[in-house]
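Chain residues, written in single-letter form:
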Amino acid sequence: MLVKCALNSKKALRTRQLVIDFDGERPIPRLREPLDLFAIPSTPFQGVRWPIEYEVFKEAIHHIEWDPPDPEPFYQPTGHERAPMPIGEEKGNVVYCIDPGTKTSYFTYSRVGGSRGPIKSSTSCAMHQDKSTLAFESRFESGNLQKAVQVGVHDYELTLRTDMYTTKHTQWFYFRVRNMKAGVTYRFTIVNLMKASSLYCLGMRPLLYSERAAWEKGEGWRRTGSNIRYYRNHHHQAEQDNNTTTNTKSLHSLTWTGQFPYDFDTCYLAHCYPYTYSHLQRYLSRLTSNSATGAYCKLRVLCRSLAGNAVHVLTVTSPGGGWMDRSAKRAVVVTARVHPGETNSSWMMQGFLDFLLGESDDARLLRETFVFKVVPMLNPDGVVVGNYRCSLAGRDLNRNYNTLLRDSFPCVWHTRNMVKRLMAERDVVLYCDFHGHSRKNNVFMYGCTNSDDATQRLHERVFPLMMSKNANDKFSFRSCKFRVHQSKEGTGRVVMWRLGIRNSYTMESTFGGSTLGNRKGTHFTTRDLKSLGYYLCDTLLDYCDPDPTKTSHCLAELRAMLRQELRERLGREVDSDGSLSVSISDIESSTSGSNSTESDGLPVHLLNRIDESQVKKKHLRSGKERNRLRQERVRNVDPKVLHRNIKNIVRRTQTHTTH
């Protein structure tokens, strides 16, 4: 009977856009999912688009994935590290200097492969391999090095490129070195870093990759460097905001010494493990080529970035069950890489997807329980050009989730709208945005305090506390913060919380390593970063366990922790009825990180168009003002000149009358 009813309904409707489900004997029509939501791309991923003025080497760069057999320890300062002051190109020898890549002050066009024509010389020593000078290069995906100056036989001053179309945000570095000698101690000093403090002050070491070591030994990125010091130098950087120079900012230097393992090798130095847009495309291509994964993982393009690069979104859930079962599933939203220089967030994302798409019982349970919406790279343009924080709009996308400017901030605009549509369909139990942190060790979360609802007090802290129990040698609950500062209102975490997602977090992973448990004093590897994605999945199962025992225990522990903190910091106790006598946020500092106002405001290309229109716009005067100016001009004319002009006018008039 049910089958006959369904057939009759479809025949009467004469459409393939509707699918008939049944609730008991009652037919429930629904729209078929659009094909593009579930279609696996049959063509290769498109080429990477760059700003039209950007010079790019065409050779592809691949690094093998490898983890050292033992954790790599932090650098231990001796107290005798040098702090060389910048010498500059006036007294040094410029061995590498490239165009900053911004011939215009704002983004205009893009094309696959960047600028047309041959690559210009970088004034490097690549053509003089017989000399002892190092040869530098960074004109490849995610590379960032503007200039290298030889200031000693084996000493080099390095200048990083600021985020494109800005004068700020020098932190991320990634460049190639050739023409080295093994056993020689080289010194590198980056001279234009802008943050006053850094994990390099706490023992973090740079990363080195040797192509020969990868080929011969199967070894990849490893920590390097001695005599590491981060300090303020005597240089300053003029900062511009909204196209006007506002102030100057003191610059800082990072210096270290190191040796290369082989003669005439090709090596790379980096701030953190690189993870490029092309790397993501290769990873997604492997996922979509797996027919088994394709049954529960659907890939589509959420939108195009400012340069036209695809922003991908994955929908992960088990396809089985009836309509009622599917509609009852709660949703989880996970995003990463809104800040392009925070490459550790992409490694966490890859670990999260590896676990979620795996064949373990926990992975199957997650797919059967939830609908996952995953945006693995929110800012592909910034990743491509080697920015640290901004998009090609010259602005921090994580301050613009409330924007109305869809065309200027398409990635975050479409992400917010996707979440709003998802919330209209089902309950969203978790939003988590992966980030990297440059000043604190360990992994931790920033959340939002649900202070308006007494029944939900402390509930926003349960998930991070569970996470700290599952990853106790990496995740620090004491580093978690839940205060909502006014300057953070445009962040993804706060905007999604304002939309109604109670458990809205950023998960911050250090660029350095751990100070906890048996991993104390050691750097994170890519395996460690990927494990954080696994732990997030494990914690999600704990948090959503139908048995509330774990949640109850965590709430009791949180109340005890809060009572102790109140006694220690404020000297106050809880009220007699057991309620708290003070707002939780009163005892908590705001989240530490970059100043959110540094890259706030309108996108740079709109600001420039406004300025151009103001220059071209003529001041329209009133008729009264025009008459007054005309009379002033007459009064200021020399009487002899005026008399001569009148005679000329009379003569021309008489001549015209005669003719």
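Rules used throughout
- Residues numbered from 1 in each chain as written.
- Predicted model: local features only at pLDDT ≥ 70, side-chain atom pairs only at ≥ 80, totals over all residues.
- Heavy atoms only, no water.
- Helix = DSSP H or I, 4+ residues; strand = E, 2+ residues; numbered from the N terminus.
- Buried < 20%, exposed > 50% of the residue type's maximum accessible area, 1.4 Å probe, protein only.
- Lys, Arg positive; Asp, Glu negative; His and termini not counted.
- Salt bridge = Lys/Arg side-chain N within 4 Å of Asp/Glu carboxyl O.
- Polar contact = N/O pair within 3.5 Å; in protein donor to acceptor, adjacent residues only side chain to side chain.
- Contact = heavy atoms within 4.5 Å.
- 1 Å grid on protein atoms, 1.4 Å probe; cavity = no way out; pocket = protein on both sides within 12 Å on 5 of 7 lines; lining within 4 Å.
- Points joined across faces, edges and corners; volume = space filled by probe spheres on them.
- Nonpolar A, V, L, I, M, F, W, Y, C, P; charged D, E, K, R; others polar.
- Pairing = 2+ DSSP bridges.
- Core = buried A, V, L, I, M, F, W, Y, C linked by side-chain atoms within 4.5 Å.
- Disulfide = S-S within 2.5 Å.
- UniProt positions renumbered as here; feature names shortened; annotations may be inferred.
- Phe/Tyr/Trp six-rings, centres within 6.5 Å; stacked < 30°, edge-to-face > 60°.
- Lys NZ or Arg CZ within 6 Å of the ring centre and 35° of its normal.
- Expected span 1.5 Å × (residues − 1).
- Axes fitted to C-alpha atoms, helices over the stretch in contact; angles between N-to-C directions.
- Parallel < 35°, antiparallel > 145°, perpendicular 65-115°, else oblique.
- Left-handed = near helix turned anticlockwise from the far one by under 90°.

A. Summary view of the side chain of R426. Counting through the fold element by element, R426 comes out in the loop between α10 (410-425) and β20 (428-437). Put simply, R426 is tucked away with no salt bridge, and the nearest opposite charge, on E425, sits 4.3 Å away. Within the structure, R426 has its side chain in polar contact with the backbone oxygen of K329 (distance 2.9 Å). Beyond its immediate stretch of four places on either side in the chain, R426 contacts R326, S327, K329, R330, A331 and V371.

B. The arrangement of the layout of surface pockets in detail. There is about 640 Å³ of room inside the second largest pocket. What lines the second largest pocket is a set of 31 residues, among which I61, E141, T276, S278 and R282 lie closest to the centre. Here the lining of the second largest pocket gets five residues from one element, more than from any other, and that element is helix α4 (residues 277-288). Counted by class, the lining of the second largest pocket contains 16 nonpolar, nine polar and six charged residues.

C. Region of the structure containing the sheet that holds strand β9 (residues 174-178). Within the open sheet, the five strands sit side by side as β6-β9-β15-β11-β12. Their pairing is antiparallel. The two strands at the open ends of the sheet, each matched to only one other strand, are β6 (135-137) and β12 (222-223). Sheet analysis places β9 next to strand β15 (residues 267-270), joined by four bridges and oriented antiparallel. Within β15, the residue paired with R176 across the bridge is Y268.

D. Broad picture of helix α11 (residues 462-470). The buried count for α11 comes to seven of nine residues, which makes it a mostly enclosed element. Taken together, the buried positions of α11 are occupied by V462, F463, P464, L465, M466, M467 and S468.

E. Representation of unusual backbone geometry in the model. At S142, a position not held by glycine, the phi torsion is positive, near 70°. Along the chain, S142 turns up in the loop between β6 and β7 (147-150). By relative accessible area, S142 is classed as buried at 3%.

F. Inspection of the pattern of salt bridges at higher detail. Tallied over the entire structure, the rule returns 18 salt bridges. Residue E359 is joined to R364 by a salt bridge in which the shortest nitrogen-to-oxygen separation is 3.1 Å. Here D396 makes a salt bridge to R399, at a shortest N to O gap of 4.0 Å. There is no split in this pair, since D396 and R399 are both buried.

G. Examining the nonpolar core more closely. Counting 118 residues, the largest nonpolar core has F136, F188, F352, F372, F434, M507 and L540 as its most contacted members. Examining the composition of this core, we find that seven residues originate from one element, helix α13 (residues 526-543), more than from any other. When residues no more than four places from it in sequence are discounted, the contact partners of F352 are V334, F372, V374, F434, K530, G533, L536 and C537. Counting residues in hydrophobic clusters, the runner-up holds 23 residues, among them V338, V375, V428 and M496.

H. The state of the cysteines, seen in detail. In the structure shown here, the tally under the stated rule is zero disulfides. Looking at C411, it has no disulfide partner, and the nearest cysteine sulfur is the one in C303, 4.6 Å off. When its relative accessible area of 5% is taken as the criterion, C411 is described as buried.

I. Summary view of the UniProt feature "active site" (unreviewed entry) in the protein. Per the UniProt record, "active site" (unreviewed entry) is found at E508. If you trace the backbone, E508 turns up in strand β22 (residues 504-510). Setting aside anything within four residues of it in sequence, one finds E508 in contact with H435, G436, H437, N442, V443, F444 and Y446.

J. Highlighting the packing of aromatic side chains. One pass over the full model with this rule turns up 26 aromatic pairs. Each ring, one from F352 and one from F372, has its centre 6.1 Å from the other, and the planes form 65°; the classification is edge-to-face. Remark: F372 occurs in strand β19 (residues 370-375) and F352 occurs in helix α7 (residues 344-356); sequence separation between them is 20 residues. In this structure, F352 and F372 share a single accessibility class: buried. Through a chain of ring-to-ring contacts, the aromatic side chains of F136, Y156, F173, F175, Y186, F188, W256 and F260 assemble into a single cluster. We note R367 situated over the ring of Y296; from NZ or CZ to the ring centre the distance is 3.9 Å. Seen from the ring of F444, K440 lies directly overhead, with NZ or CZ sitting 4.3 Å from the centre.

K. Geometry of helix α14 (residues 549-569). End to end, α14 covers 30 Å across 21 residues, agreeing with the expected 30 Å (1.5 Å per residue, within 8%). Where α14 is buried, its residues touch α11 and α13.

L. Molecular detail of the packing of α11 against α13. For the pair α11 and α13, interaxial distance at closest approach is 9 Å and the crossing angle is 125°. Taken together, α11 and α13 sit at an angle that is classed as oblique. Regarding α11 and α13, the two cross each other, and that crossing is right-handed. Where α11 approaches α13, its residues V462, F463, M466, M467 and N470 are matched on the opposing element by L532, Y535, L536, D538, T539, L540, D542 and Y543. The class makeup of the residues in the contact of α11 with α13 is nine nonpolar, two polar and two charged.

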